[in-house]
Amino acid sequence: MLVIGAGVQGLTCGVVLAEAGWPVRIRTADRPRETTSAAAGAMWGPAQLRPAERVLYWVTRSHAEFTALARDEGSGVRLTAGRMAARFELGDAVPTEARLIPDLRRCTRDELPEGFVSGYRGTVPLIDMPRYLDHLVARFQGAGGELQLSPVQTLADAAAEASTVVNCTGVGARELVGDPGVHPVRGQGVVVRNPGIDEYFVELTDSGEFAAFMPHGDRVVLGGVAEAQEWKLDVRPEVSAGIRRRCAAVEPRLADAEVLDELVGLRPGRESVRVDVERYEGSRIIHNYGHGGCGVTLSWGCAFEVADLVEG
Ligand SMILES: Cc1cc2nc3c(=O)[nH]c(=O)nc-3n(C[C@H](O)[C@H](O)[C@H](O)COP(=O)(O)OP(=O)(O)OC[C@H]3O[C@@H](n4cnc5c(N)ncnc54)[C@H](O)[C@@H]3O)c2cc1C
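Parameters at a glance
- Residues numbered from 1 in each chain as written.
- Predicted model: local features only at pLDDT ≥ 70, side-chain atom pairs only at ≥ 80, totals over all residues.
- Heavy atoms only, no water.
- Phe/Tyr/Trp six-rings, centres within 6.5 Å; stacked < 30°, edge-to-face > 60°.
- Helix = DSSP H or I, 4+ residues; strand = E, 2+ residues; numbered from the N terminus.
- Buried < 20%, exposed > 50% of the residue type's maximum accessible area, 1.4 Å probe, protein only.
- Near = heavy atom within 4 Å.
- Polar contact = N/O pair within 3.5 Å; in protein donor to acceptor, adjacent residues only side chain to side chain.
- Nonpolar A, V, L, I, M, F, W, Y, C, P; charged D, E, K, R; others polar.
- Contact = heavy atoms within 4.5 Å.
- Expected span 1.5 Å × (residues − 1).
- Arc of directions from axis to C-beta.
- UniProt positions renumbered as here; feature names shortened; annotations may be inferred.
- Pairing = 2+ DSSP bridges.

## Observations concerning the packing of aromatic side chains
Enumeration according to the criterion identifies 4 aromatic pairs in this entry. Where Phe116 meets Phe201, the ring centres are 5.4 Å apart and the plane angle is 90°; that geometry is what we call edge-to-face. Separated by 85 residues along the polypeptide, Phe116 in the loop between β4 (105–106) and β5 (118–127) and Phe201 in strand β9 (residues 200–203) bring together distant segments of the chain. Of the two residues examined, Phe116 and Phe201, each falls in the buried class. Each ring, one from Trp300 and one from Phe304, has its centre 6.0 Å from the other, and the planes form 35°; the classification is tilted. Placement of the pair is Trp300 and Phe304 together in helix α8 (residues 295–311), with a separation of 4 residues, close to one helical turn. By the burial criterion, Trp300 is buried, and Phe304 matches it. An aromatic cluster of at least three residues, connected via ring pairs, comprises Phe116, Phe201 and Phe213.

Below you can see the structure in the form of structure tokens.
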């Protein structure tokens, strides 16, 4: 069986399939630590994507897996408390999957940073992506999987190589599948030395510029931006400066934190996530792409669904 892609989707599918006993080879154009997945913050969080019912199932299954993974210190997953807040009134109607957050409660007024009018506090899985991707690679290879740095030129090449192909190419699906519905939503992040922060913060907004920070031991990943239809992967200093300014306004200790790295990734935007089977030149192509800004959150649920589709 061939899996295309070694971001969080391809690797998680690889793990689930290899651990179920399938011989699996992953082909990837980029090393796992150079994918969009490596640039993610990342947190498991409510995902307002389509198809809504499937997304609720994927989010729920992933929550259970990440919660279990948090017991293994080497996984890069840790249950972490923090705040999700908005500059407008959020109201009492929370997304269904937010009920999975065991200690979810409204922020008191003094728990909200200046300029924010409502928010929630709760403990969620935070995922230190570079470490987590390493963990997935080790688990995949430990189950007998083979990882090859080797781009796939066409779906016909993939179908000639394997009777079952799992397509986890993220924004690359636009070209490989010829799916014009896939588009990049560019993100940029700044990694700083942790000045002592142990809680996450995420601004809830529809705006393309927001404040978010997630601590991972001695580093904190700051965000964020979401620029639709932008393919460029160069780091933009003015974008990093804006991210730092917005985060420091919420958490002043971040103002002078030493910058360790800057990251860029292209979220695979699509009107709805695609997980389905296509018959292609005698092979089955199982598509799994288009997870937008929630690919980590959905990863285990989608991988289990892919495995169900493989089983037929
Ligand atoms: C700044 C930022 C912050 C984010 N924060 C979060 C968060 O907190 N929580 C969350 O859930 N999500 C978050 N996301 C979104 C998440 O990162 C993505 O949804 C997810 O990484 C998509 O994973 P993927 O495996 O589908 O794609 P990718 O990580 O892009 O991997 C695609 C893989 O396919 C390979 N590929 C593509 N084309 C080919 C080809 N022709 N042949 C071979 N290989 C190919 C690539 O080399 C790569 O290995 C964030 C994203 C960004 C940019």
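Having seen the structure, we can now continue with the description.
## Points about the site of the ligand
Lining the immediate surroundings of the ligand are 34 residues, of which Thr28, Asp30, Ser37, Gly292 and Thr297 lie closest. Within the backbone of Gln9, one N or O atom sits 3.0 Å away from an oxygen atom of the ligand. Interatomic distance of 3.0 Å between a backbone N/O atom of Ala29 and a nitrogen atom of the ligand. Secondary-structure elements contributing two or more residues to the shell around the ligand are α1 (8–19), β2 (25–28), α2 (36–39), β13 (259–269) and α8. Here the residues of the shell around the ligand are counted per class, giving 14 nonpolar, 17 polar and 3 charged.

## Considering the side chain of Asp128
Mapped onto the elements of the fold, Asp128 is located in the loop between β5 and α4 (129–142). Since its relative accessible area comes to 3%, Asp128 is described here as buried. Setting aside its immediate chain neighbours within four residues, Asp128 contacts Gly76, His216 and Arg219.

## A closer look at the environment of Gly187
Within the secondary structure layout, Gly187 lies in strand β8 (residues 183–193). When its relative accessible area of 8% is taken as the criterion, Gly187 is described as buried. As a C-alpha pair, Gly187 and Arg131 span 56 residues in sequence and 20 Å in three-dimensional space. If we ignore the near neighbours within four places in the chain, the residues touching Gly187 are Val225, Leu263, Val264, Gly265 and Arg267.

## Let's talk about helix α3 (residues 52–69)
With 18 residues, α3 should cover 26 Å at 1.5 Å per step; its first-to-last C-alpha distance of 25 Å lies within 8% of that length. Regarding α3, the residues found buried are Val55, Trp58, Val59, Ser62, His63, Phe66 and Leu69. Looking straight down α3, one finds that the buried residues subtend no more than 140° of arc, so they occupy a single side. Where α3 is buried, its residues meet β3 (77–86), β5, α4, β14 (274–280) and α8.

## Notes on the UniProt feature "binding site: FAD" (unreviewed entry) in the chain
The positions UniProt marks with the feature "binding site: FAD" (unreviewed entry) are Thr36, Ser37, Val152, Thr169, Gly292, Gly293, Cys294, Gly295, Val296 and Thr297. Over a stretch of 262 residues, the named residues are scattered through the fold, their C-alpha atoms separated by up to 26.2 Å. Structurally, Val152 is set in the loop between β6 (146–149) and α5 (155–161). Those residues in contact with Val152, other than ones at most four positions away along the chain, are Ile4, Arg27, Ala158 and Leu176. Here Val296 shows up in helix α8. Taking the relative accessible area as the measure of exposure, Val296 reaches 8% and is therefore buried. Those residues in contact with Val296, other than ones at most four positions away along the chain, are Val8, Ala40, Ala42, Phe66, Ile127 and Met129.

## Digging into the pairing of β3
Most of β3 is tucked away, with 7 of its 10 residues classed as buried. Here 10 bridges tie β3 to β5, and the two strands are oriented antiparallel to one another. Within β5, the position partnered with Arg83 by the bridge is Arg121. As judged from the 4 bridges shared by β3 and β9, these two strands associate in the parallel manner. Paired with Arg83 across the bridge in β9 is Phe201.

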